[in-house]
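Observations on the three-dimensional arrangement
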Amino acid sequence: MKRPTSKERQFAVCVHNTGYPASLELRKIYEVLPDIGGAAHGLIWVIDESGEDYLYPQNFFHPIELSHALEAAVRRAAG
């Protein structure tokens, strides 16, 4: 699967991490890169604990919408 190229970002909360305890923390907000091709296979691109983006099962995450102020704070904290 090809990595998405869109600059638009979304966020989701991790609700499952079975098989990925070192890469995904439960209840943590993650940045998600939109990818229609991955979604067709039940997968989403997530920037995980390594700081890299990887495909994970969609059902491991619950999408959320952040206020502009909170989104800016999350981006600053991510460096």
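Let me begin by describing the structure that accompanies this report. All values derive from a computational prediction rather than experimental measurement. (Residues numbered from 1 in each chain as written. Predicted model: local features only at pLDDT ≥ 70, side-chain atom pairs only at ≥ 80, totals over all residues. Heavy atoms only, no water.)

Moving on: the nonpolar core. Ranked by size, the top nonpolar core spans ten residues in total: A12, C14, L24, Y30, V32, I44, V46, Y56, F60 and F61. Broken down by secondary-structure element, the contributors of at least two residues to this core are β1 (10-14), β2 (29-33) and β3 (43-47). Every residue in contact with A12, bar those within four places of it in the chain, is listed here: K28, I29, Y30, V32, F61, H62, P63 and I64. (Core = buried A, V, L, I, M, F, W, Y, C linked by side-chain atoms within 4.5 Å. Buried < 20%, exposed > 50% of the residue type's maximum accessible area, 1.4 Å probe, protein only. Helix = DSSP H or I, 4+ residues; strand = E, 2+ residues; numbered from the N terminus. Contact = heavy atoms within 4.5 Å.)

It is worth spelling out the pattern of salt bridges at this point. Using the criterion set out here, one finds one salt bridge in the structure. Of the charged contacts, one joins E49 and K28 as a salt bridge, the two residues approaching to 2.8 Å between their closest N and O atoms. With E49 in the loop between β3 and β4 (53-57) and K28 in the loop between β1 and β2, the pair connects residues that are 21 residues apart, well separated along the chain. You can call K28 partly exposed: its relative accessible area is 31%. (Salt bridge = Lys/Arg side-chain N within 4 Å of Asp/Glu carboxyl O.)

A sheet is described by the order of its strands in space; here five strands give the open sequence β4-β3-β2-β1-β5, paired in antiparallel fashion. Here the strands that pair on one side only, and so sit at the sheet edges, are β4 and β5 (61-64). Strand after strand, the sheet turns through a mean of 45° between neighbouring axes, direction not considered. Examined bridge by bridge, β2 and β3 share two bridges and lie antiparallel to one another. Bridging across to β3, L33 finds its partner in W45. (Pairing = 2+ DSSP bridges. Axes fitted to C-alpha atoms, helices over the stretch in contact; angles between N-to-C directions.)

Although it is not a glycine, R27 sits at a positive phi angle of roughly 70°. Following the sequence through the fold, R27 ends up in the loop between β1 and β2. Residue R27 is classed as exposed on the basis of its relative accessible area, which comes to 71%.

Here the structure, examined in full by the defined rule, presents four aromatic pairs. Summarising the aromatic geometry, the rings of Y20 and F60 are spaced 6.0 Å apart at their centres and angled 70° between planes, so their arrangement reads as edge-to-face. Taken together, the residues span a long stretch of sequence, with Y20 in the loop between β1 and β2 and F60 in the loop between β4 and β5 at a distance of 40 residues. One aromatic cluster in this structure is built from Y20, Y30, Y56, F60 and F61. (Phe/Tyr/Trp six-rings, centres within 6.5 Å; stacked < 30°, edge-to-face > 60°.)

Turning next to the environment of F61. Looking at the secondary structure, you find F61 in strand β5. Leaving out residues up to four positions away in the same chain, F61 has contacts with A12, V13, C14, V15, L24, Y30, I44, V46 and Y56.

All quantities given are derived from atomic positions and should not be read as evidence of function.
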